[in-house]
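These are the residues of each chain, in order.
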Amino acid sequence: MSETRTTPPTGTPASSKVADRPHGGLGDTLRLWWDALARPTQWLVGSPFIVFIALLPVLNLPVLTTVGTNFGAVMAQFGMYALIAIGLNVVVGQAGLLDLGYVGFYAVGAYTVAILTSPSSPWNQTGDGGWLSRDWAWLAALPIAVAITAMSGLILGSPTLRLRGDYLAIVTLGFGEIVRLLADNLDEVTGGGRGLSQVAYPRIGISEENTNGVFSAGASSGTLNSGVWWYWLSIVLILITLVAVGNLERSRVGRSWVAIREDEDAAEIMGVPTFRFKLWAFVIGASIGGVSGALYAGQVQFVNPTNFNVINSVLFLCAVVLGGQGNKLGVILGAFLIVYLPNFFLGRTELLGIPINGTEIAEFRYLFFGIALMVLMVFRPQGLIPVRQKLLAYGREIYLAARRTARKDAA
Amino acid sequence: MTGELIHALTVADPLVGFDTAALVDNFWALTVDGLTYGSVYALVAVGYTLVYGVLRLINFAHSEVFMLGMFGQYAVLMMLGFAPSGNAYNLGVTMTVVYLAIALVGGMAVSGGVAVGLERVAYRPLRKRGAQPLAFLITAIGASFVLQEFVHFILPRLTGDRLGGVNAQQPIRLVVPETQFTLFTANITNVTIIIILSALILALATDMFINRTKFGRGIRAVAQDPVTATLMGVSRERIIVLTFLIGGLLAGAAALLYTLRVPNGIIYSGGFILGIKAFCAAVLGGIGNLRGALLGGLLLGVMENYGQVLFGTEWRDVVAFVLLIAVLMVRPTGILGESLARSRA
């Protein structure tokens, strides 16, 4: 492996002179090596890793698996949160727009699917005379949910994105609350506090054991339960989203976002149509949130307003900030920690031989998240896996150039 | 979005009621009740607005400062021997006022202490490191979680389940609402009088403090230009602590007044929505602007009450947020504009 030779001397005072060059610890070496790989090689190296991540709930590794709850279900939830984190990352991390009402888009996506496919909704399309088939209703409703969520992003964004950062934060917070209150109060359509039940899900893999298919919430036992299937489905959606968002980042749109985030006025002067690109970020972020909401509605087969509290918005933001805003892999890690850690402790009575009261620790999760956020902001404000902000603006070429320089230095 | 929403609200008749008759009939009663809520919003909003003016920071945890103020005054009353039974006490005017004053001091002390502690523990390390604005906001959210969960889980353990926990506290009712006189068909109760009068006095005192005293001038100077203010001999750190202290004290006072109006509201999550509303009020009036915060609070309280009757109780919060969005569309820096420094008029 040649990448070991490219390790630059770290921590020396000389490195501060070339601060813009991506030299640093192990993370930077890894990043440098990865980014210099050709696209097909990246897929070749990445695929086994993705397969390993996908198989986690099936492998049931002894310490990693959860005790109190089904590991498959936890991973399915992680999938949804990862999608949300990727979407929110576009808005917060890429374009630098602080959105505290992201849960609103998640809710719109979930409710679109639920309203179209739940028998308790007045606009149900899965029954007699509806234009959705019973078996494929969820899949058909998914693009509709995405479209409607994107539209809600447009509707919210077009008047509010002219506001500055802090104002935007509070207006989006208000929007998130309004969506929840609408869901709570428009009883005839959304079922109010009772919610909508029996939401459609993909009916495939029907067997004698699982009469409703592997995606049904009824298939909850065994290693290959519905949670695992939803997790796999979400991994597919995450990969598609990652490729799409990654391409956007490297395009003119992505460079405009970085420019807006770094200095909006300068970007505007340089000819970037800031409002239009901010709106793009909002709409794209919103539609990804809509996908996640649709996943949620399908998996749980039930939506009600309490799942879309503003506190969830804050939790989503935690995932993005914890992982490292602007970095796609970072925010996925953040989402994993947010979902996994409380579930890890749930029901656990001992950890590595030390007796602990895991359920109580899981109960205290907001306390720990709060402390973690405060500590993180002091010691590592850029998140666990930070993004190289300056480099992002230049694109791929810089990594190749940097690597050549690093080789020369090492020689 | 506002246009669409109002359109949807008014056209979708079976979904949302539109009761103009109720609004006209109860106009004055609603206005007075709105002013009582508005006074509380206004006092809390001052905390947001002062901190924003000086530090350009949304102190997201200010709602928890308010919440702890509610627990503070409650704890003081418990220490004075009042049992949380939910029954009303009848102590006579003088003793009630004395006990209320003690509770007020208790609430203000707790809130002020928490606000200053928050600044010390959470924000000062960030300032020393020159962190990004977003880092401050995230820290504020983190601190908000910590304070809420402290009351949720840890406080009941410390006090033997007498304070905090999942459920709201049993109210200690020192004042029972009784109609004192009628003004334009509105019944004015003793609670209303206490709330509006105290809020008015506190607001005037704060305005005087900011605009007339040496410390106030320091706050305005730092808000206007921190570097020049430091060169002129103003200690920025002291001014920041002072700002948090004033915000905290007012939040503590607001906490007592709020519990007079809503006795069942003492719960760990009780600050959250009220904090958001108060922040809305601050933005509505022009954040960073003291008089703007007071005006925004009163306006929000009144409008919310009108909207609640017009559309139904369940739309109360929607009205507040839609109002905020509508005002920001027309005046992006709030009704009275932004600057704390230029607010002295």
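**Q** Which residues make up the overall build of chain B, and what values go with them?
**A** What chain B contains, in helices and strands, is 13 helices and two strands. Against the compact-globule benchmark of 20 Å for 345 residues, chain B has a radius of gyration of 20 Å, which places it among compact chains. A total of 345 residues make up chain B; the buried ones form 52% of that total. Taking the intrachain contacts of chain B between residues at least 6 apart in sequence as the baseline, contacts between residues at least 24 apart amount to 77%.

**Q** Tell me about the overall build of chain A, and please be specific about residues and values.
**A** Within chain A, the secondary structure is distributed over 17 helices and four strands. For chain A, buried positions account for 50% of its 411 residues. In chain A, of all internal contacts separated by at least 6 residues, the share reaching a separation of at least 24 is 74%.

**Q** Residues and numbers for unusual backbone geometry, please.
**A** A positive phi angle is found at Q301 of chain A, which is not glycine, with a value near 60 degrees. Given 22 C-beta atoms within 10 Å, Q301 of chain A falls into the buried group.

**Q** Talk me through the interface of chain A and chain B; I want residue IDs and the actual numbers.
**A** One frequently used descriptor of interface size is the decrease in accessible area upon assembly of the parts. Listed by partner, the interface residues are 34 residues for chain A and 36 residues for chain B. Of all the secondary structure elements, the ones that give two or more residues to the side of chain A that touches chain B are α5 (137–160), α6 (165–185), α12 (310–323) and α15 (365–379) of chain A. The element that contributes the greatest number of residues to the side of chain A that touches chain B is α6 of chain A, accounting for twelve residues.

**Q** Before we move on, could you go through the confidence of the model for chain A and cite the residues and values that matter?
**A** Low-confidence regions, as indicated by low pLDDT, have predicted coordinates that should not be scrutinised in detail. On average, residues of chain A carry a pLDDT of 78, and 82% of them reach 70 or more. Ignoring residues within four places in sequence, the model shows residues 1–22 of chain A, a span with pLDDT below 50, making 28 contacts including any to other chains.

**Q** So, the packing of α15 of chain A against helix α6 (residues 133–158) of chain B: which residues are in play, and what are the values?
**A** Following both chains from N to C, one finds α15 of chain A and α6 of chain B inclined at 150 degrees, their axes separated by 7 Å at the closest point. The orientation of α15 of chain A with respect to α6 of chain B, classified from their angle, is roughly antiparallel. Considering how the two elements wind past one another, α15 of chain A and α6 of chain B form a crossing that is left-handed. Along its contact with α15 of chain A, which presents Y366, L367, F369, G370, I371, L373, M374 and M377 of chain A, the element α6 of chain B presents A135, I138, T139, I141, G142, A143, F145, V146, E149 and F153 of chain B. Across the contact of α15 of chain A with α6 of chain B, the residue classes tally to 14 nonpolar, three polar and one charged.

**Q** Please give an account of the nonpolar core that cites residues and values.
**A** Residues and elements named next belong to chain A. The biggest cluster of nonpolar side chains holds 229 residues, and the ones touching the most others in it are A85 and A335. Of the residues forming this core, the biggest block, 17 residues, is contributed by helix α3 (residues 71–94). Once residues within four sequence positions are removed from consideration, A335 is found in contact with F78, Y81, A82, I84, A85 and A319.

**Q** Provide a residue-level description of the packing of helix α3 (residues 27–55) of chain B against helix α12 (residues 290–311) of chain B, including the pertinent values.
**A** All names here are of chain B. Put simply, α3 and α12 touch, their axes get as near as 6 Å, and they point 145 degrees apart. You can see that α3 and α12 cross each other, and the crossing is right-handed. Of the residues assigned to the contact of α3 with α12, the class counts are 17 nonpolar, ten polar and two charged.

**Q** Any chance you could break down the confidence of the model for chain B for me, citing the residues and the numbers?
**A** Residues and elements named next belong to chain B. Mean pLDDT for chain B: 80, with 91% of residues reaching 70 or above. The lowest-confidence element of chain B is helix α1 (residues 2–11), averaging 51 in pLDDT; the highest-confidence one is helix α10 (residues 236–261), averaging 88. Throughout residues 341–345 the model reports pLDDT below 50, and contacts reaching past four residues in sequence, or to other chains, amount to seven contacts. Under the prediction, the complex receives an ipTM of 0.78, its pTM being 0.81.

**Q** Run through helix α8 (residues 214–224) of chain B, naming residues and quoting values.
**A** Within α8 of chain B, the full set of buried residues consists of G218, I219, R220, A221, V222 and A223 of chain B. Buried residues belonging to α8 of chain B abut α3, α7 (190–212), α9 (226–231) and α10 of chain B.

**Q** Can you explain the environment of Q301 of chain A? Please cite residues and give values.
**A** Within the fold, Q301 of chain A resides in the loop between α11 (274–300) and β2 (302–303). Sequence separation between Q301 of chain A and L373 of chain A is 72 residues, and the spatial gap between their C-alpha atoms is 33 Å.

**Q** Describe helix α5 (residues 93–128) of chain B, and please don't skip the residues or the numbers.
**A** All names here are of chain B. Compared with an ideal rise of 1.5 Å per residue, which puts 36 residues at 52 Å, α5 spans 50 Å between its outermost C-alpha atoms and is within 8% of the ideal. At A122, α5 shows its strongest bend, of approximately 40 degrees, with the proline P125 following within four residues. Count one or two residues on from α5 and you reach G130, which has phi positive near 60 degrees.

**Q** Outline the environment of N90 of chain B, supporting the account with residue identities and numerical values.
**A** Here N90 of chain B lies in the loop between α4 (62–79) and α5. The spatial distance from the C-alpha of N90 of chain B to the C-alpha of L174 of chain B is 7.1 Å, given a sequence separation of 84 residues.

**Q** I'd like a rundown of the environment of I361 of chain A, residues and numbers included.
**A** All names here are of chain A. Its place among the elements puts I361 in helix α14 (residues 358–363). Considered as a pair, I361 and P342 are 19 residues apart in the sequence and their alpha carbons are 7.5 Å apart. Beyond its immediate stretch of four places on either side in the chain, I361 contacts F345 and I356.

Rules used throughout
- Residues numbered from 1 in each chain as written.
- Chains lettered and ligands numbered in written order.
- Predicted model: local features only at pLDDT ≥ 70, side-chain atom pairs only at ≥ 80, totals over all residues.
- Helix = DSSP H or I, 4+ residues; strand = E, 2+ residues; numbered from the N terminus.
- Rg over C-alpha atoms; globule rule 2.2 N^0.38 Å.
- Buried ≥ 20, exposed ≤ 12 C-beta atoms within 10 Å, placed from the backbone.
- Contact = placed C-beta atoms within 7 Å.
- pLDDT = per-residue confidence, 0-100.
- Axes fitted to C-alpha atoms, helices over the stretch in contact; angles between N-to-C directions.
- Parallel < 35°, antiparallel > 145°, perpendicular 65-115°, else oblique.
- Left-handed = near helix turned anticlockwise from the far one by under 90°.
- Nonpolar A, V, L, I, M, F, W, Y, C, P; charged D, E, K, R; others polar.
- Core = buried A, V, L, I, M, F, W, Y, C linked by C-beta atoms within 7 Å.
- Expected span 1.5 Å × (residues − 1).
- Bend = angle between axes of the 7 residues up to and from the residue.

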